[in-house]
Amino acid sequence: SIEAQDLVDLIEDTKIGVANVRTTNSEVPPSRAMVTQQSFKRKMSQHYTSRLSRAISRKKTWVAVSRNFEVLRSFSVFLRARYSDTDAAFEGFSKKPFGRLTKAGFLKSLERLEYDGDSESLFRLLALGSTYIVKRHIKWAWNLLMAEELVRARAQRRATLRQRIDTLRAQEEAESDDDE
């Protein structure tokens, strides 16, 4: 670990080394100045990397899912179960393709569609201070699950790849046993 005084000394040495390289009457050969400069950069990099890794290792990374996310996710699941895309989902709430829904109209539509989640909270979370819900709000809720789908698809690809690798290894081992 670099102490404060060591850090100051390194900075001063680097400044002197760089100044000497630029002058014609250099007391420190240019190669020595570059070594000093490079060692300074290396030590600084190591110092900050170790501090950063300690900070990252102490940071709590898992957090429980918030109630707001649960409300939005359940609505997204509801939409995807009933409709094929965002246009059809919005038409389920409003007959106008570019219309807007008031809070009363949105809540009435949810009741008509037999949504069993927290409708009041859902409107508040979707509208975010607005008095209307438009198609982009429905689209945003629809896309909320895309990250989950991406993670699941990647996990499935990794599992498939792992199975293929295991199969190839088993075949190679069987062939090597046959050769002996």
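## Things to note about the packing of helix α5 (residues 103-112) against helix α6 (residues 119-127)
Following both chains from N to C, one finds α5 and α6 inclined at 130°, their axes separated by 10 Å at the closest point. Between α5 and α6, the angle falls in the class oblique. When you trace α5 past α6, the crossing you get is right-handed. Together, K103, F106, L107 and L110 of α5 and S119, E120, L122, F123 and L126 of α6 make up the contact between the two elements. Looking at the contact of α5 with α6 residue by residue, the classes come out as 6 nonpolar, 1 polar and 2 charged.

## Details of the nonpolar core
Judged by nonpolar contacts, the single largest core of 25 residues is most densely connected at F75, L79, F93, F106, L122 and I138. Contributing elements (two or more residues each) for this core: α3 (67-82), α4 (86-93), α5, α6 and α7 (135-143). Each residue touching L122, except ones within four places of it in the same chain, is listed here: V71, L72, F75, F106, L110 and Y115.

## Examining the pattern of salt bridges
One pass over the full model with this rule turns up 3 salt bridges. As a salt-bridge pair, K135 and D87 come within 3.0 Å of each other at their nearest N and O atoms. Of the two residues, K135 sits in helix α7 while D87 sits in helix α4, which places them 48 residues apart along the sequence. With a shortest N-O distance of 2.9 Å, K103 and E120 are connected by a salt bridge. In this pair, K103 sits in helix α5 while E120 sits in helix α6, placing the two residues 17 residues apart along the sequence.

## Here's the deal with α5
Looking at α5, one finds that the buried residues are F106, L107, S109 and L110. For α5, the arc enclosing every buried residue in end-on projection is 160°, short of the 170-degree limit, so these residues lie on one face. Exposed residues pointing more than 90 degrees away from the buried face of α5 are listed as A104, K108 and E111. The inward-facing, buried residues of α5 abut α3, α4, β1 (101-102), α6, β2 (132-133) and α7. The positive-phi residue at the C-terminal boundary of α5 is E114, with phi of around 60°.

## As for the confidence of the model for the protein chain
For the protein chain, per-residue confidence averages 77 on the pLDDT scale, and residues scoring 70 or more make up 65% of the total. pLDDT under 50 marks residues 18-26. Its contacts with residues more than four places away, or in other chains, come to 8 contacts.

## So, the packing of α3 against α7
Interhelical geometry of α3 versus α7 gives an angle of 95° and a closest axis separation of 8 Å. With respect to α7, the element α3 is oriented roughly perpendicular. Contact residues: α3 offers L72, F75, S76, L79 and R80, while α7 offers I138, W140, A141, W142 and N143. When the residues that make up the contact of α3 with α7 are grouped by side-chain class, the tally is 7 nonpolar, 2 polar and 1 charged.

## Some words on the environment of D118
Looking at the secondary structure, you find D118 in the loop between α5 and α6. Once residues lying within four places of it in the same chain are set aside, the contact partners of D118 are R67 and V71.

Reading the values: rules and limits
- Residues numbered from 1 in each chain as written.
- Predicted model: local features only at pLDDT ≥ 70, side-chain atom pairs only at ≥ 80, totals over all residues.
- Heavy atoms only, no water.
- Axes fitted to C-alpha atoms, helices over the stretch in contact; angles between N-to-C directions.
- Helix = DSSP H or I, 4+ residues; strand = E, 2+ residues; numbered from the N terminus.
- Parallel < 35°, antiparallel > 145°, perpendicular 65-115°, else oblique.
- Left-handed = near helix turned anticlockwise from the far one by under 90°.
- Contact = heavy atoms within 4.5 Å.
- Nonpolar A, V, L, I, M, F, W, Y, C, P; charged D, E, K, R; others polar.
- Core = buried A, V, L, I, M, F, W, Y, C linked by side-chain atoms within 4.5 Å.
- Buried < 20%, exposed > 50% of the residue type's maximum accessible area, 1.4 Å probe, protein only.
- Salt bridge = Lys/Arg side-chain N within 4 Å of Asp/Glu carboxyl O.
- Arc of directions from axis to C-beta.
- pLDDT = per-residue confidence, 0-100.

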